[in-house]
Amino acid sequence: MAGPPPGDRRALLARLFSHATELTTEAIERLSAEIPAYAQLDRASLLPDAIRTVQQILRSLAAGRELTVGELAVFTALGEDRGRQGIPVTEMFRGWRVAVRFAIDETVVMGRRLGMSDGQLLELTNDILALTDTAILAVTRGHLDAEFQVTLHDQQHRADLVRGILFGTLAPSEIRLQVERYGLDSYREYHAIRARPSVDLPADRLVRLLEPPASNPARSLLAVIDGDIAGIVDAPPTAEIATAAGIGPPARLDRMEPSFRRATRAMATADAFELTGVRDLAGLGLLPAILADTEVGDELVRRYLTPLGENDTAAALIDTAQHYLRNGLRVDHTAKSMGLHTNTVRYRLRRYQDLVGIDLTEPDRALEAWWALQRSRLQRIHRD
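What counts, and where the lines are drawn
- Residues numbered from 1 in each chain as written.
- Predicted model: local features only at pLDDT ≥ 70, side-chain atom pairs only at ≥ 80, totals over all residues.
- Heavy atoms only, no water.
- Axes fitted to C-alpha atoms, helices over the stretch in contact; angles between N-to-C directions.
- Helix = DSSP H or I, 4+ residues; strand = E, 2+ residues; numbered from the N terminus.
- Parallel < 35°, antiparallel > 145°, perpendicular 65-115°, else oblique.
- Contact = heavy atoms within 4.5 Å.
- Phe/Tyr/Trp six-rings, centres within 6.5 Å; stacked < 30°, edge-to-face > 60°.
- Lys NZ or Arg CZ within 6 Å of the ring centre and 35° of its normal.
- Core = buried A, V, L, I, M, F, W, Y, C linked by side-chain atoms within 4.5 Å.
- Buried < 20%, exposed > 50% of the residue type's maximum accessible area, 1.4 Å probe, protein only.
- Pairing = 2+ DSSP bridges.
- Expected span 1.5 Å × (residues − 1).
- Bend = angle between axes of the 7 residues up to and from the residue.
- Domains from an automatic or database assignment.
- Buried area = accessible area lost by both parts, 1.4 Å probe.
- Salt bridge = Lys/Arg side-chain N within 4 Å of Asp/Glu carboxyl O.
- Polar contact = N/O pair within 3.5 Å; in protein donor to acceptor, adjacent residues only side chain to side chain.
- UniProt positions renumbered as here; feature names shortened; annotations may be inferred.

Per an unreviewed UniProt entry, the protein chain goes by PucR family transcriptional regulator and derives from Nocardia colli.

**Observations concerning the packing of helix H14 (residues 331-338) against helix H15 (residues 342-356)**
It is at 9 Å that the axes of H14 and H15 come closest, and there the two elements cross at 110°. What the angle tells us is that H14 and H15 run roughly perpendicular. Each of Val331, Asp332, Thr334, Ala335 and Met338 in H14 lies in contact with H15, whose residues at this interface are Thr342, Val345, Arg346, Arg348 and Leu349.

**Observations concerning the packing of aromatic side chains**
Summed over the entire model, instances satisfying the criterion amount to one aromatic pair. Pairing phenylalanine 167 with phenylalanine 260 gives two aromatic rings, centres 5.5 Å apart and planes at 65°, and the pair type is edge-to-face. Placement of the pair is phenylalanine 167 in helix H7 (residues 118-167) and phenylalanine 260 in helix H10 (residues 257-272), with a sequence separation of 93 residues. The ring of tyrosine 190 carries the charged tip of arginine 188 above its face, separated from the ring centre by 5.5 Å. It is arginine 303 that lies over the ring of tyrosine 304; its NZ or CZ is 4.9 Å from the centre.

**Some words on the nonpolar core**
Proteins that are soluble and globular tend to have nonpolar side chains buried together. The biggest cluster of nonpolar side chains holds 38 residues, and the ones touching the most others in it are Tyr38, Leu61 and Phe75. Where this core is concerned, the elements lending two or more residues are helix H1 (7-18), helix H2 (20-34), helix H3 (36-39), helix H4 (43-63), helix H5 (69-84), helix H6 (89-113) and H7. The contact partners of tyrosine 38, leaving out residues within four places of it in the chain, are Leu31, Ser32, Leu46, Arg82, Ile87, Glu91, Met92 and Gly95. In this structure, Ala270, Leu287, Ala321 and Ile358 belong to the second largest nonpolar core, which totals 35 residues.

**Comments concerning the sheet that holds strand E3 (residues 228-233)**
Strand order in this open sheet of five strands is E2-E3-E1-E4-E5, and the pairing throughout is mixed. Two strands bound the open sheet, and with one partner strand each, they are strand E2 (220-225) and strand E5 (277-279). Across the sheet, the mean angle separating the axes of adjacent strands is 25° when strand polarity is ignored. Bridging between strand E1 (residues 189-195) and strand E4 (residues 244-252) involves six bridges; their strand directions are antiparallel.

**A few points about H4**
Helix length check: H4 (21 residues) gives 30 Å between terminal C-alpha atoms against 30 Å at 1.5 Å per residue, within 8%. For H4, the principal kink sits at aspartate 49 and spans about 25°. By the burial criterion, the buried members of H4 are Leu46, Asp49, Ala50, Ile51, Thr53, Gln55, Gln56, Ile57, Leu58, Ser60 and Leu61. Backbone geometry just downstream of H4 places glycine 64 in the positive-phi region, at approximately 65°.

**Let's talk about the domain arrangement of the protein chain**
With domains assigned, the protein chain is organised as domain 1 (9-151), domain 2 (183-284) and domain 3 (293-382). Counting from both sides, the interface comprises four residues of domain 2 and, opposite them, five residues of domain 3. Area buried by domain 2 at its contact with domain 3 is led by Ala272, Phe273 and Glu274, which between them contribute 94% of it. Linking domain 2 with domain 3 are zero salt bridges. Seen at the junction of domain 2 and domain 3, the total is one residue pair in polar contact (both at pLDDT 80 or more).

**A short note on the environment of serine 198**
In this structure, serine 198 sits in the loop between E1 and helix H9 (203-210). As a C-alpha pair, serine 198 and histidine 341 span 143 residues in sequence and 41 Å in three-dimensional space.

**Digging into unusual backbone geometry**
Its identity as a non-glycine residue notwithstanding, aspartate 226 has a phi of 50°, on the positive side. Within the secondary structure, aspartate 226 sits in the loop between E2 and E3. Overall, the relative accessible area of 54% leaves aspartate 226 in the exposed class. Positive phi, normally seen in glycine, also occurs at glutamate 274, with a value near 55°. Relative to the helices and strands, glutamate 274 is located in the loop between H10 and E5. The exposed category is assigned to glutamate 274, whose relative accessible area is 59%.

**Section: the pairing of E2**
Taking burial as the measure, the six residues of E2 include five buried ones, the bulk of the element. Sheet analysis places E2 next to E3, joined by six bridges and oriented antiparallel. Across the sheet, the residue bridging to serine 220 is valine 233, located in E3. If you look at the hairpin formed by E2 and E3, you'll find two residues sitting between the two strands, and aspartate 226 has a positive phi there, around 50°.

**Describing the side chain of glutamine 178**
Residue position: glutamine 178 is located in helix H8 (residues 172-179). The contacts of glutamine 178, once residues within four sequence positions are left out, are His157, Leu161 and Leu170.

**Quick look at the UniProt feature "domain: PucR C-terminal helix-turn-helix" (unreviewed entry) in the protein chain**
According to UniProt, the positions carrying the feature "domain: PucR C-terminal helix-turn-helix" (unreviewed entry) are residues 317-373. Secondary structure over residues 317-373 splits into 77% helix and 0% strand, and the C-alpha atoms at its two ends are 12 Å apart.

So, in structure tokens, the structure goes:
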């Protein structure tokens, strides 16, 4: 910006300064009329800060200088206020454009009354735009900082509420009071859910998959709990989820802790066995017990697998026994699934049973062998 302004320009800036309150009031009226976010705010509360910013711009124009660091800090504080008031940054930009356009229109009208040339007015207009561009950058920084802090606070509040519901530490009255903020019906039943983010499915994408489609009223409340995505949903998610997730039975919000405990166990089991998708305990069968009861599992491994050794022959026998159990003790189905002749399958099964000393047609022995195989699979997953 060039040095001190010429006489006509100085007179115009002095007149604008003397009418700052009047002009700013009219600008705020326009903001409230054109931008819904500003219409929700008390106009009288906007006026003092708005007048100060207008006067600061005019003082800088009159002195022919840029805004100082201290002056820019005032604009940053203004942006913080707008962020805390919930004005979206896009609406704030719209409001700034409306105000600047109004200011330039009034400047041109007053300048022409003072006999200023179009060249003089164009130069002043360019200076106004340059200063307001610098100011809006400072305002935006303040707005983004405040918005970030508001988001952090909301995330913390949400996480505290979700944790209180899932762990049963909030009273029913407190739950009803707080969930209303998120549009939830505190009298209906929800499912507790817990899912583990991964490199391929980070937390933000996982939340979108777990949440039901947008609707009114709200149907879910999720947060980050101990590194996992946890919370409540009104129905099991239908999207394909490529990570371990567990869901509990429906329950009221003040009785959610048992549902969450089951969801957590289901997720932990699915994660341990490298299973994906939303699963409940019933759908996982005996796998949760295999994961939890390590002593029984290790004993069964020693009984049904260790005698075979660890060579290629042992691996073939174990693989055949596993396919046999998986195919309902049907030799023909086992041979087909493995691409082997039925006589080869019969030989391997006979050899396995002779070495271990069991009969796989006995239900108890078949179950124990299957348990041992699943425990061995679990050990292999975590060893690798």
